[in-house]
Amino acid sequence: MFRSRDKKTPEPFQDVSQGLKKLYRTKLFPLEDTYQFHDFHSPSLEDADFDNKPMVLLVGQYSTGKTTFIRHLMEQDFPGMRIGPEPTTDSFIAVMHGDQDGMIPGNALVVDPKKPFRKLNAFGNAFLNRFMCAQMPNPVLESISIIDTPGILSGEKQRISRGYDFAAVLEWFAERVDRIILLFDAHKLDISDEFSEVIRALKNHEDKMRVVLNKADQINTQQLMRVYGALMWSLGKIINTPEVVRVYIGSFWAQPLLIPDNRKLFEAEEQDLFQDIQGLPRNAAIRKLNDLIKRARLAKVHAYIIISLKKEMPSVFGKENKKKELIANLGETYLKIEREHQISPGDFPKLKKMQELLAGHDFSKFATMKPKLLEAVEDMLANDIARLMTLVRQEEAAMPSQAVHGGAFEGTMSGPFGHGYGEGAGEGIDELEWVVARDKPSYDEIFYTLSPINGKVSGAAAKKEMVKSKLPNTVLGKIWKLADVDKDGYLDDEEFALANHLIRVKLEGHELPGKLPEHLVPPSKRHQEIDMGE
C-alpha cells in the first residue's frame, strides 16, 4: 500500500503491478512530464509495461546462433524464423504466446495497448518495417517472451543502411526486459565496432546481462580455454567494471556434439542458464520495482539539471551565447548538483550525450523549481517503495513456485538425462544391488581395525579414520549425519561403508545430497526407514 494525497491514510491496492502503475502515474510521471524527461532519456511508461510477462532479449553478431537458441528453448519453429550462416534475421522479432501461429507487423504492433511496444513508434517507419511479433501456442511462452534481434555486422556501411538508431532501440528494450543474453561464437570470436558500441549502450543494465559462449563443441578443450580467456579480456575492456559478467559455455542447439570431450561442462552450464531463465517469472515483480527506482533516481537528477540550467538563463538578451556556455560547462553543473543534493556521480546521465541533446532544446522554455513534484518522488523512494517491497514478498509467498516450463526445460528436469543423474550421490540409482556393496570389502577391513564393540564403532573412532580424507569438518559432519541412518550415535559396518562412499563422492567433486537418497540406504535399514516413515 502507499500514501494517498492527503498523506494520512495509506491507500490499499490489490497487487504489486497495480501499485507500480499508480505510483508511476501519480508521483513520477508528473515530474518527468514537467522537466521533459521523455525527450532526453526514455518514453513514458504505459500500463502494459507493468503487466507484461518477463522478456528475454538476445543480442549478438550474425551467425552466433540467436534464432537457433530460441528454437532450442521452445523445441519448435516460430513464424518468420530463418536460420543460416549468412545474416538471416534482419528484423526485431518478439516471440510471444498466442492461441494460434501468426505474424503481426510492426505498425500494427505499436498501436496495440495490450502489448508493451507502443512507444517504439518514435523510431519511425524504417524501424517499424523491421519489427514484428511472432505469436504461437508454446508452453515456454506462457511464462516468458523472447526478443530476437538482427545480427550485428562490422563496418560503417551496416550502420548507415539500417536507417534507424540500432543502439537506441536496443537500449529501449534493455530498459524493459528482465534478461539480456549476449551471444558469442566460440568458433570465430571477433567483437565488431558496432557490437562494442551496443554493449556500451547496455552498460547501465549489467545486472540483467548474461553472456553465452555458444558453439563451444566445435573446438577442443585447449582452444576453448584460450577463447574463454580472450572473451573475458575483451568484455572487461568494453564493459569496464570490476564485476565479471556471468559467462555460460556450451552449444545451445539440439545437434550431436562435434567434440564431445566437454559434455559434462556443457550440461552443467546449460543447467545453470536454464535455472536463471526459469527464475525470471518469480523475480519479475522485484525487477519492475528495481527498474522504477532506477528511473526515479535518473528523473530526479534530470530535474535538478534542467532547474539549474533554467536558473542561469538571462531573461532577455544573450540567451544563445549563455546556452552554449552552459552546455560547454555542463560538467561543472553536475558537480554543483552532486554537492548540493548529495547525489552519487553514478546517477547522472552521460555528459557527452546530455550535451548533444541539450543543443536542440530552448532553455527559456525549461520549467523552474517545483518543490512539490520533487517531494512526491522523494516520498515515493523513501516510503512507498518500502511498502511495495513488503507486498512483493507477500505475493511471492502466496504464489505457487513460478517457473518456465515446456520445451528444452523439461528435458533437464528428471529421468536418466536429468543433470547429475547416475553420478556422485546418484550413482547406482537404477541398480538392484546396493551400490556401496561394491567397495564394502575394502571398507570392512578398515572397520575391523577400529575395534568395534557389539558390531559398531564410536564417533571418536570413526572420526580418526574419516579425517584422513582431509575434508573440512563441516563436510565430514554432514557425512556423519547422512551415514548414521538409525541416529544412535554409532556406525555399524554398513553405515561405516556408506560414510566412506559419501567421502569418495565428495572427493570426486560431487555435491552431497540434503537427505539420504533411498538407493543409498543400507539394506538392513530399509525396513526401519518404512517403520520410521509410518
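Keep in mind it's a predicted model, so treat the numbers as computed, not measured. Along each chain, residues carry numbers from 1 onward, in the same order as the chain's sequence is written. Local features are withheld for residues below a pLDDT of 70 in this predicted model, meaning they are given only at 70 or higher, and side-chain atom pairs are given and counted only at 80 or more; totals for whole chains, interfaces and linings count all residues. Remark: hydrogens and water are excluded; side-chain values derive from all non-hydrogen atoms of the structure.

Focus on the overall build of the chain
Right, so step 1: Looking only at helices and strands, one finds 22 helices and 12 strands in the chain.
Right, so step 2: For every residue, the accessible area (1.4 Å probe, protein chains only) is compared with the maximum for its type, and the residue is labelled buried under 20%, exposed over 50%, or partly exposed between those bounds. Across the 534 residues in the chain, those meeting the buried criterion constitute 48%.
Right, so step 3: What makes two residues a contact is simply this: any of their non-hydrogen atoms within 4.5 Å. Restricting the contact set of the chain to residue pairs at least 6 apart, pairs at least 24 apart contribute 77%.
Right, so step 4: Summed over all atoms, the accessible surface of the chain reaches about 26600 Å², with 53% contributed by carbon and sulfur. For the purposes of this entry, the term helix denotes a DSSP run of H or I that reaches at least four residues, the term strand denotes a run of E that reaches at least two, and both are numbered from the N terminus. Residue-level accessible areas treat just the shown protein chains as cover; the underlying method is Shrake-Rupley with a 1.4 Å probe.

Here's the deal with empty space enclosed by the protein
Right, so step 1: Cavities and pockets were defined on a 1 Å grid built from protein atoms only: a cavity is a group of points that admits a 1.4 Å probe but offers it no way out, a pocket is an open group of points flanked by protein on both sides within 12 Å along at least five of seven lines, and a lining residue is one with an atom within 4 Å of any such point. Grid points are joined across faces, edges and corners, and a volume is the space filled by probe spheres set on the points. Evaluation of the coordinates by the stated rule reveals 1 cavity of 30 Å³ or more.
Right, so step 2: The volume enclosed by the largest cavity comes to roughly 30 Å³.
Right, so step 3: Contributing to the lining of the largest cavity are Glu46, Ala48, Asp49, Lys115, Pro116, Phe117, Arg118, Lys119 and Trp172.
Right, so step 4: Following the grouping adopted for this structure description, the nonpolar residues are Ala, Val, Leu, Ile, Met, Phe, Trp, Tyr, Cys and Pro, the charged ones are Asp, Glu, Lys and Arg, and the polar ones are all others, Gly among them. Here the lining of the largest cavity is built from residues that sort into 4 nonpolar, no polar and 5 charged.

Some remarks on helix α12 (residues 280–312)
Right, so step 1: In this scheme, a helix's expected span is set at 1.5 Å multiplied by one less than its residue total. Compared with the 48 Å implied by 1.5 Å per residue over 33 residues, the 46 Å span of α12 between its first and last C-alpha is a close match.
Right, so step 2: The largest bend in α12 is about 30°, located at Ile286. To get the bend at any residue, fit one axis to the seven residues that end at it and another to the seven that begin at it, then take the angle between the two axes.

Structural notes on the nonpolar core
Right, so step 1: Among the buried residues, those of types Ala, Val, Leu, Ile, Met, Phe, Trp, Tyr and Cys that are joined through side-chain atoms within 4.5 Å form a nonpolar core. Membership of the largest hydrophobic core comes to 47 residues, with the highest contact counts inside it found for Phe117, Phe173 and Leu182.
Right, so step 2: Sequence-distant contacts of Phe117, that is, excluding residues within four places in its chain, are made with Met55, Ala94, Met96, Leu109, Val110, Phe131, Ile147, Trp172 and Phe173.
Right, so step 3: Judged by nonpolar contacts, the second largest core, of 44 residues, contains Ala285, Ile306, Met313 and Leu373.

A look at the environment of Asp77
Right, so step 1: Note on placement: Asp77 falls in the loop between α4 (66–74) and β4 (92–97).
Right, so step 2: Accessibility expressed as a relative area gives 44% for Asp77, which makes it partly exposed.
Right, so step 3: Residues Asp77 and Thr67, 10 residues apart in the sequence, show an inter-C-alpha distance of 9.5 Å.
Right, so step 4: For Asp77, the contacting residues outside a window of four places in its chain are Arg71 and Met136.
Right, so step 5: A polar side-chain atom of Asp77 sits 2.5 Å from a polar atom in the side chain of Arg71. Polar contact is defined as a pair of N or O atoms within 3.5 Å, subject to the rule that within protein one atom must be able to donate a hydrogen and the other to accept it, and that residues adjacent in sequence are counted only when both atoms are side-chain atoms.

Considering the packing of α12 against helix α14 (residues 330–341)
When two helices pack together, their arrangement is given by the angle between the helix axes and by the axis-to-axis distance.
Right, so step 1: Two elements in contact, α12 and α14, have axes separated by 10 Å at closest approach and are oriented at 115°. For the element pair α12 and α14, the recorded crossing hand is right-handed. Here Tyr304, Ile305, Ser308, Leu309 and Glu312 of α12 come into contact with α14, specifically with Leu330, Thr333, Tyr334, Lys336, Ile337 and His341.
Right, so step 2: Residue composition of the contact of α12 with α14, grouped by class: 6 nonpolar, 3 polar and 2 charged. In this description, a line fitted to the C-alpha atoms serves as the axis of each element, helices being fitted only across the stretch in contact, and the angle between N-to-C directions of two axes falls anywhere from 0 to 180 degrees. By convention, the crossing between two helices is left-handed when the near helix turns anticlockwise from the far helix through less than a right angle, and right-handed when the turn is clockwise.

Regarding the pairing of strand β7 (residues 145–148)
Right, so step 1: Neither face of β7 is left uncovered, since the one carrying Ser145 and Ile147 and the one carrying Ile146 and Asp148 both have all their residues buried.
Right, so step 2: One bridge is not enough; two strands pair if DSSP finds at least two bridges between them. In the sheet, strand β3 (residues 55–60) pairs with β7 via 3 bridges, with the strands oriented parallel. By the bridge assignment, Met55 is partnered in β7 with Ser145.
Right, so step 3: Here 3 bridges tie β4 to β7, and the two strands are oriented antiparallel to one another. Its bridge partner being in β7, Ala94 is matched across the sheet by Ile147.

Comments concerning the pattern of salt bridges
Right, so step 1: Salt bridge, as used here: a side-chain nitrogen of Lys or Arg that lies within 4 Å of a carboxyl oxygen of Asp or Glu. For the structure shown, the criterion picks out 38 salt bridges.
Right, so step 2: Across the pair Glu32 and Arg295 runs a salt bridge whose closest N-O atoms are separated by 2.7 Å. One end of the pair, Glu32, is in helix α1 (residues 16–34); the other, Arg295, is in helix α12, and 263 residues separate them in sequence.
Right, so step 3: On the basis of relative accessible area, Glu32 is assigned to the buried category, the value being 1%.
Right, so step 4: The residue Asp207 makes a salt bridge to Lys294 at a minimum N-O spacing of 3.6 Å. Here Asp207, found in the loop between α9 (193–201) and β9 (209–214), pairs with Lys294, found in helix α12; they are 87 residues apart in sequence, far enough to count as distant.
Right, so step 5: For Asp207, a relative accessible area of 42% translates into the label partly exposed.
Right, so step 6: The class for Lys294 is partly exposed, based on a relative accessible area of 30%.

Digging into the packing of aromatic side chains
Right, so step 1: Stacked, edge-to-face and tilted are the three classes for Phe, Tyr and Trp ring pairs, Trp counted by its six-membered ring, which pair at centre distances within 6.5 Å; planes under 30 degrees apart are stacked, over 60 edge-to-face, the rest tilted. By the definition in use, this model includes 20 aromatic pairs.
Right, so step 2: With centroids separated by 5.7 Å and ring planes inclined at 10°, the aromatic side chains of Phe92 and Phe173 adopt a geometry described as stacked. Placement of Phe92 in strand β4 and of Phe173 in helix α8 (residues 166–176) is noted, with a sequence separation of 81 residues between them. You'll find Phe92 and Phe173 in the same group, each marked buried.
Right, so step 3: Relative to Phe131, the ring of Phe117 has its centre 5.3 Å away and its plane inclined at 85°; by these criteria the two rings are edge-to-face. Remark: Phe131 occurs in strand β6 (residues 131–136) and Phe117 occurs in the loop between α5 (106–109) and α6 (124–128); sequence separation between them is 14 residues.
Right, so step 4: Residue class for Phe131 comes out buried when judged on its relative accessible area of 1%.

Topic: unusual backbone geometry
A negative phi angle characterises most non-glycine residues, just as the trans form characterises most peptide bonds.
Right, so step 1: Phi at Lys470 takes a positive value of approximately 65°, unusual for a residue other than glycine.
Right, so step 2: Within the fold, Lys470 resides in the loop between α19 (459–466) and α20 (473–483).
Right, so step 3: One non-glycine residue, Lys487, lies in positive phi territory at about 55°.
Right, so step 4: Inspection of the secondary structure puts Lys487 in the loop between α20 and β12 (490–492).

Here we look at the UniProt feature "domain: EF-hand" (unreviewed entry) in the chain
Right, so step 1: UniProt positions are given in the numbering used here, feature names are shortened, and annotations may be inferred rather than shown by experiment. Within this structure's numbering, the places UniProt gives as "domain: EF-hand" (unreviewed entry) are residues 471–506.
Right, so step 2: Helix makes up 69% of residues 471–506 and strand 8%. Its end C-alpha atoms lie 8 Å apart.

Digging into the packing of α1 against α12
Right, so step 1: Put simply, α1 and α12 touch, their axes get as near as 11 Å, and they point 10° apart. In terms of axis orientation, α1 runs roughly parallel to α12. Residues Val16, Leu20, Tyr24, Leu28, Leu31 and Glu32 of α1 pack against Ala285, Lys288, Leu289, Leu292, Arg295, Ala296, Ala299, Lys300 and Ala303 of α12.
Right, so step 2: Partitioned by chemical class, the residues of the contact of α1 with α12 number 11 nonpolar, no polar and 4 charged. Working rule for angles: under 35 degrees goes down as roughly parallel, over 145 as roughly antiparallel, 65 to 115 as roughly perpendicular, anything else as oblique.

Quick look at the pairing of β6
Right, so step 1: Buried residues dominate β6, accounting for 6 of its 6 residues.
Right, so step 2: Where burial is concerned, the two faces of β6 agree: the one with Phe131, Cys133 and Gln135 and the one with Met132, Ala134 and Met136 are both buried.
Right, so step 3: Two elements, β4 and β6, share 6 bridges in a ladder whose sense is parallel. When the sheet's bridge partners are listed, Val95 is paired in β6 with Ala134.
Right, so step 4: Relative to β6, strand β5 (residues 102–105) runs antiparallel, the two sharing 4 bridges. By the bridge assignment, Met103 is partnered in β6 with Ala134.

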